[in-house]
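Analysis of the macromolecular model
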Amino acid sequence: MSKKRKWDDDYVRYWFTCTTDVDGTQRPQCVLCNSIFSNADLRPSKLSDHFNRQHGGVGGHDLSSLKHVPTPSDQSETLKAFGVASHEDALLQASYQFAYLCAKEKNPHTIAEKLVKPCALEIAQIVLGPDAQKKLQQVPLSDDVIHSRIDEMSQDILQQVLEDIKASPLKVGIQLAETTDMGDCSQLMAFVRYIKEREIIEEFLFCEPLQLTMKGKDVFGLFRDFFLKHKIALDVCGSVCTDGASSMLGENSEFVACVKKEAPHIVITHCLLNPHELVTKTLPTKLRDALFTVVRVINFIKGRAPNHRLFQAFFEEIGIEYSVLLFHTEMRWLSRGQILTHIFEMYEEINQFLHHQSSNLVDGFENREFKVHLAYLADLFKHLNELSASMQRTGMNTVSAREKLSAFVRKFPFWLKRIEKRNFTNFPFLEEIIVSDHEAASIAAEITQHLQQVSNFFHGYFSVGDLAEASKWILDPFLFNLDFVDDGYLMKTDLAELRASGQILMEFETMKLEDFWCAQFTVFPSLAKTALEILIPFATTYLCELGFSSLLHFKTKSRSCFNMSDDIRVAISKKVPRFSDIIEQKLQQKSL
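The notes below deal with the structure included here. Remember, predicted model here, so these are calculated numbers, not experimental data.

1. Side note on the overall build of the protein chain
Each helix and strand in the protein chain was counted, giving 27 helices and seven strands. Of the contacts formed within the protein chain by residues at least 6 apart in sequence, a portion of 66% connects residues at least 24 apart. As displayed, the protein chain has an accessible area near 29900 Å², and 52% of this comes from carbon and sulfur atoms.

Rendered as structure tokens:
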């Protein structure tokens, strides 16, 4: 019987590790190509020959530099020392990476097992050969595995966010909104805004179903239970912005009452993104009737499949650009403004179609007064769309949003003066169709009454421009007149000192307002704290609106019972899972 050779740690310098058979025989394995050799090859000349012939120094690696690397004989530890994943590590990493991409692209979990893996195996067989196919075959990508991987990554991302919340030097801002998914289940979504490393971070917090009713106390219960579950006091929240639904907001709603009772310091704010609802509620009777007529026409065309097909064929025949109309929806503000514009621009063609279908809506639709009201509504809601679109972005704070609202409302007096002179320049659709002085006088009176009412509602509902004069140093501490600040104001000295710094002035001119005040936290903590307490609260529920769009990809008719809380967190969170920590923990669990 031939003598068995023994492994020597010095062989590591040839990029080899040791594997041990069941009978105790040690065999060398190349960590670069995974080739395993016989025990007889366990000698420097053979290992060196393979290293030089097959890998040629591997892009310039010096063998002498590897000679002194202390590496144990255990295979996985040796591989980690060289930054090379073991076979089991590689399989796990591939599985997690695919699950991550699957969630990011909002695909069903079964796509891996039914489509991706079979395609990958075929490609590997054709391009790389059977050995590569065998390796790919070992990657676990079943439905249950993908689901498990996404759950683990979701928990890791959530843990990172919770750690950031606890470490935030100031109270965090929350935005909450509720929607109904394809399965008629109410979903409550929340995002959080906090400070981390001299910048304001916006992150996904949770999306959970409201099990029974959608009352204010149910919303608050789910909101509070999330923090209790993760052992975080509700005091960490400084503000909550909601979508303004009666069950959630309203000065006398249950939600506000529960929040104020549990945490009186929390500031509740309205979402400033939906002025359309407020304008609709202020419409006089004739204008409201015109809006409802538009809704009925849309429903007549879109709500019946034969009518919709005939409508498309009719428009193709006459060569008109708009062949498909949007559904009018109450909750998505953008559709209403677009609908009114499209209806007005296609007025004659739609009128012809209604005649062709002998619809009972014809009389109201072709009425001259209706067309004038439609033109005004299309113009007004187009202005509102532009206002909302300007606030439709991440990082929007209450100060900037209210400045935009204030600027919008300040246009009303100029519009009213022009309307008094029968000048409809600010309402181009209306100006296009007004032909008589009597018609102009009639609509001018209605517009004047409506705009005055809208202006009053805007001031009361959104608290337009409510930043106190003495606090406007937050917007520009260098141009602000210090005379507006009381001499007893403790931070007046800090403001004067800050204004004297040329370096800080350069930072202010090159940085975003929020980032600038975060950067001053170590130098002027009192000023930064006061400024950021105003800038951190959310102004809109825009992030929740984006989240609801993602929700439509997860909750479909074929996946109506699917619980997508973890999937949606991985999909829309900016955090990246800590794959190395997750895989290491997984391997430790297997070894127990």
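2. A short note on the nonpolar core
If you look at the biggest cluster of nonpolar residues, it comprises 77 residues, and the most contacted ones within it are Y376, L377, F424, L430, L451 and F458. With 11 residues, helix 16 (residues 368–390) is the single largest residue contributor to this core. With near-sequence residues (within four places) excluded, L451 lies in contact with Y376, L380, F412, W415, L416, I419 and F427. Of all hydrophobic cores here, the second largest spans 32 residues; its members include V161, V219, F223 and A263.

3. Regarding helix 24 (residues 525–535)
Buried within helix 24 we find L527, A528, A531, L532 and L535. The buried residues of helix 24 occupy an angular sector of 115° when the element is viewed end-on, so they sit on one face. If you follow the buried residues of helix 24, they end up packed against strand 4 (186–196), strand 5 (199–210), helix 17 (398–409), helix 21 (492–499) and helix 23 (513–519).

4. Points about the packing of aromatic side chains
Here a ring pair, both rings aromatic, is described through the centre-centre distance and the interplanar angle of the planes. Enumeration according to the criterion identifies 19 aromatic pairs in this entry. Measuring from centroid to centroid gives 5.6 Å for W7 and Y11, while their planes differ by 85°, and the two rings are edge-to-face. Here W7 falls in the buried class, since its relative accessible area comes to 12%. The exposure class assigned to Y11 is buried, which follows from its relative accessible area of 11%. A ring pair is formed by F508 and F516, whose centres lie 5.1 Å apart and whose planes are at 80°; its orientation type is edge-to-face. The pair F508 / F516 is uniform in exposure class, with both members buried. Through pairs of rings, three or more aromatic residues link up here, namely Y376, F408, F412, W415 and F427. Directly above the ring of Y96 sits R149, whose terminal nitrogen or CZ lies 4.6 Å from the centroid.

5. Some points on the pattern of salt bridges
Applying the stated criterion across every chain yields a total of 13 salt bridges. Two residues, R224 and D225, come together in a salt bridge whose shortest N-O distance is 3.5 Å. Among the salt bridges present, the one from R368 reaches E439, with a minimum N-O distance of 2.6 Å. Taken together, the residues span a long stretch of sequence, with R368 in helix 16 and E439 in helix 20 (residues 437–462) at a distance of 71 residues. Note on R368: relative accessible area 35%, which makes it partly exposed. On the accessibility criterion, E439 (14% relative accessible area) is buried. Several salt bridges converge on common partners, so that one network encompasses D156, E163 and R578.

6. Observations concerning the pairing of strand 6 (residues 237–242)
Two faces make up the sheet, and in a regular strand the side chains alternate between them. With six of six residues buried, strand 6 is to be regarded as a mostly interior element. Pairing analysis gives five bridges linking strand 3 (residues 172–180) to strand 6, with the strands arranged parallel. Pairing of I174 across the sheet is with V240, part of strand 6. The pairing of strand 6 with strand 7 (residues 267–270) spans four bridges and is classified as parallel. Bridge pairing links V240 to I268 in strand 7.

7. Notes on the side chain of R193
Looking at the secondary structure, you find R193 in strand 4. Looking at R193, its side chain comes within polar contact range of the side chain of E202, at 2.4 Å. Excluding residues that lie within four positions of it along the chain, R193 makes contacts with V172, G173, I200, I201, E202, G395, M396, N397, L535, I536, P537 and F538.

Calculation notes
Residue positions are given per chain, counting from 1 as you read along its sequence in written order. Local features are withheld for residues below a pLDDT of 70 in this predicted model, meaning they are given only at 70 or higher, and side-chain atom pairs are given and counted only at 80 or more; totals for whole chains, interfaces and linings count all residues. Side-chain metrics rest on all non-hydrogen atoms present in the structure, leaving aside hydrogens and water. Here a helix means four or more residues in a row that DSSP labels H or I, a strand means two or more in a row labelled E, and each is numbered from the N terminus. Any two residues having at least one pair of non-hydrogen atoms within 4.5 Å are treated as being in contact. Note that accessible areas follow from Shrake-Rupley with a 1.4 Å probe, and for residues the cover is restricted to the protein chains shown. For this analysis, a nonpolar core means a set of buried residues of the types Ala, Val, Leu, Ile, Met, Phe, Trp, Tyr and Cys, connected via side-chain atoms within 4.5 Å. Note on exposure labels: buried denotes an accessible area under 20% of the residue type's maximum, exposed denotes more than 50%, and partly exposed covers the range between, all computed with a 1.4 Å probe on protein chains only. Of all possible arcs, the one meant is that of the directions from the helix axis to the C-beta atoms. Aromatic pairing here means that ring centres of Phe, Tyr or Trp (its six-membered ring) are within 6.5 Å. Orientation follows from the plane angle: under 30 degrees is stacked, over 60 is edge-to-face, and everything else is tilted. Here, a charge over a ring means that NZ of Lys or CZ of Arg falls within 6 Å of the ring centre while also lying within 35 degrees of the ring normal. Only one rule defines a salt bridge in this text: a Lys or Arg side-chain nitrogen within 4 Å of an Asp or Glu carboxyl oxygen. A pair of strands is treated as paired once DSSP finds two or more bridges between them. Counting of polar contacts relies on pairs of N or O atoms within 3.5 Å, with two restrictions inside protein: one atom must be capable of donating a hydrogen and the other of accepting it, and residues adjacent in sequence are counted only when both atoms are side-chain atoms.

Read these as spatial facts, not as claims about activity.
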